[in-house]
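Summary of the model geometry
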Amino acid sequence: TGRAGRAPLAPPRGVGARACRPPAERGRFAAAGSPPPAAAGSPVERGIFWSRELEEQVPPGFAAEEAAAWLSAARAARVASLERGGCGRSSNRLARLSDGSRACVRYGINPEQIQGEALSYHLAGVLGMQERLPPMALALVEARGRQWEPVREELRGSHWAEGAVVSLTRWVDNLTAVVAPAPWGAEAGAGRRLQPLSAGELGGLPPSQLVELVQWSDLILFDYLTANFDRLVSNLFSLQWDPRVMRRATSNLLRAPDGGLVFMDNEAGLVHGYRLLAMWDPYNEPLLRSVCVFREGTARRVAELHRRRSAAAELRRRYRAREPLWARLGFLSERQAELLQARVDFVHRHIAHCRAQAAVL
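Residues numbered from 1 in each chain as written. Predicted model: local features only at pLDDT ≥ 70, side-chain atom pairs only at ≥ 80, totals over all residues. Heavy atoms only, no water.

Under an unreviewed UniProt entry, the name given to the protein is Four-jointed box kinase 1, and the source organism is Falco tinnunculus.

Next up, the structure:
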């Protein structure tokens, strides 16, 4: 997965702003140095943005109001039972809460995994893509406390440390595995390069596949910012042993019945991932470069975080306001905060590069 020779997920040639804009605005976006306007019904606007029409077809995911209601209920509920299985590592448990809902309780091998899960969830909120992640709250394990008292015996068998911080993630039924689409899912050839999605293929794809690609573009950008190696990057890494791995399910990514992608288990993000950049960025960076079409809202938020140099500050503000137990795990170190801003800046430059390429097509 070397860095050279990666063609990006690029729009069809000559694609630009959709014709639904007012005439004056269409003229402004078609000024010198800008991509030409697109034909009506094109999946791409202004060369690098998914069309509004296409974005409107993306399944809504976990609406903000719904997520807030679940988080409030989960924090107030008692844990009625703990079961093994269904939530990843053997140290995790599936909890049934007193309000009847279920949640995955994740106990980290070390606290930075739970910290990474929490910070990744709130960074998704800063980026405007939190609807793709199941609602997640932190909880304090206290065997004699009100929340955990009904499962005191189960806690003894779990070997969880008293006072440990765990994450509660809403359980979601009927999720299915996801195999990476082109340009990432095709079997690697000699040299094992990412397989690009050609312009012609993008223009001819059915709406259902385009809708999925919209979500994948956010996912790859998100995983680059968090340096999450435990999703598509881990599949790319495994190509050296298994040339067919990209035809199998992508780690920690599931699909809801309505077609919405669910970004699961983000504990490798930010804290753990930032310690291992030297190992994983040779995979994460080419993966980002394989995307040259973005949700306009995502690109706008990245541009704002770049302009204000405020990525860590915005994340801290949101984390402290929305997670009552944030102080138990703390925030990013100064060095980690610098790395987050540097990765935001890199994504911003990449988007600008894609814009410049689209302008000359």
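From this point, the narrative continues.
Looking now at the packing of helix α4 (residues 111-127) against helix α7 (residues 207-226). Here α4 crosses α7 at 125 degrees, and the two axes come no closer than 11 Å. Between α4 and α7, the interaxial angle falls into the category oblique. Seen from above, α4 lies across α7 with right-handed handedness. Here S120, L123, A124 and L127 of α4 lie close against α7, whose contacting residues are F222, L225 and T226. Taken together, the residues of the contact of α4 with α7 break down into 5 nonpolar, 2 polar and no charged. (Axes fitted to C-alpha atoms, helices over the stretch in contact; angles between N-to-C directions. Helix = DSSP H or I, 4+ residues; strand = E, 2+ residues; numbered from the N terminus. Parallel < 35°, antiparallel > 145°, perpendicular 65-115°, else oblique. Left-handed = near helix turned anticlockwise from the far one by under 90°. Contact = heavy atoms within 4.5 Å. Nonpolar A, V, L, I, M, F, W, Y, C, P; charged D, E, K, R; others polar.)

Note on aromatic pairs: each is described by the distance of the centres and the angle between the planes. Across all of its chains, the model carries 12 aromatic pairs by this definition. When the centroid spacing of 5.6 Å and the interplanar angle of 0 degrees are considered together, the rings of Y107 and W160 count as stacked. Of this pair, Y107 sits in the loop between β5 (102-106) and α4 while W160 is found in the loop between α5 (152-158) and β7 (165-170), placing the two residues 53 residues apart along the sequence. Note on W160: relative accessible area 9%, which makes it buried. Residues Y319 and W326 carry aromatic rings whose centres are separated by 6.5 Å and whose planes lie at 65 degrees to one another, so their mutual orientation is edge-to-face. By relative accessible area, W326 is classed as partly exposed at 23%. One aromatic cluster is present, built from ring pairs that chain together F229, F237, W241, W280 and Y283. Above the face of the Y224 ring, R343 is positioned so that its terminal group lies 4.0 Å from the ring centre. (Phe/Tyr/Trp six-rings, centres within 6.5 Å; stacked < 30°, edge-to-face > 60°. Buried < 20%, exposed > 50% of the residue type's maximum accessible area, 1.4 Å probe, protein only. Lys NZ or Arg CZ within 6 Å of the ring centre and 35° of its normal.)

This part covers the side chain of T250. Along the polypeptide, T250 turns up in strand β9 (residues 249-255). With residues up to four places along the chain from it excluded, the contact list for T250 reads V178, V179, A180, W216, R231, L232 and N235.

So, on to the side chain of R46. One can find R46 in the loop between β1 (44-45) and β2 (49-50). Polar contacts involving the side chain of R46 include one to the side chain of E296, which spans 2.3 Å. (Polar contact = N/O pair within 3.5 Å; in protein donor to acceptor, adjacent residues only side chain to side chain.)

A separate point is helix α12 (residues 311-322). Think of an α-helix as turning once every 3.6 residues; residues three or four places apart then point the same way. Look at α12: 17 Å from first C-alpha to last across 12 residues, which is about the 16 Å you get at 1.5 Å a residue. Looking at the buried positions of α12, the neighbouring elements they touch are α4, β6 (136-140), α11 (296-308), α13 (326-329) and α14 (334-360). (Expected span 1.5 Å × (residues − 1).)

With that settled, the discussion passes to the packing of α4 against α12. Between α4 and α12, the shortest axis-to-axis distance is 9 Å and the interhelical angle comes to 110 degrees. The orientation of α4 with respect to α12, classified from their angle, is roughly perpendicular. Crossing angle aside, the handedness with which α4 passes α12 is right-handed. Counting all contacts with α4, which are made through A118, L119, H122, L123, G125 and V126, the residues of α12 involved are E314, L315, R318, Y319 and R322.

Before going further, it helps to examine the pairing of β9. Across 3 bridges, strand β8 (residues 176-179) lies against β9 in antiparallel orientation. The partner of V179 across the bridge, within β9, is A249. Of the strand pairs in this sheet, β9 and strand β10 (residues 261-263) are connected by 3 bridges, and their pairing is antiparallel. Within β10, the residue paired with L254 across the bridge is V262. Count of turn residues in the β9/β10 antiparallel hairpin: 5 residues, of which G259 carries a positive phi of about 95 degrees. (Pairing = 2+ DSSP bridges.)

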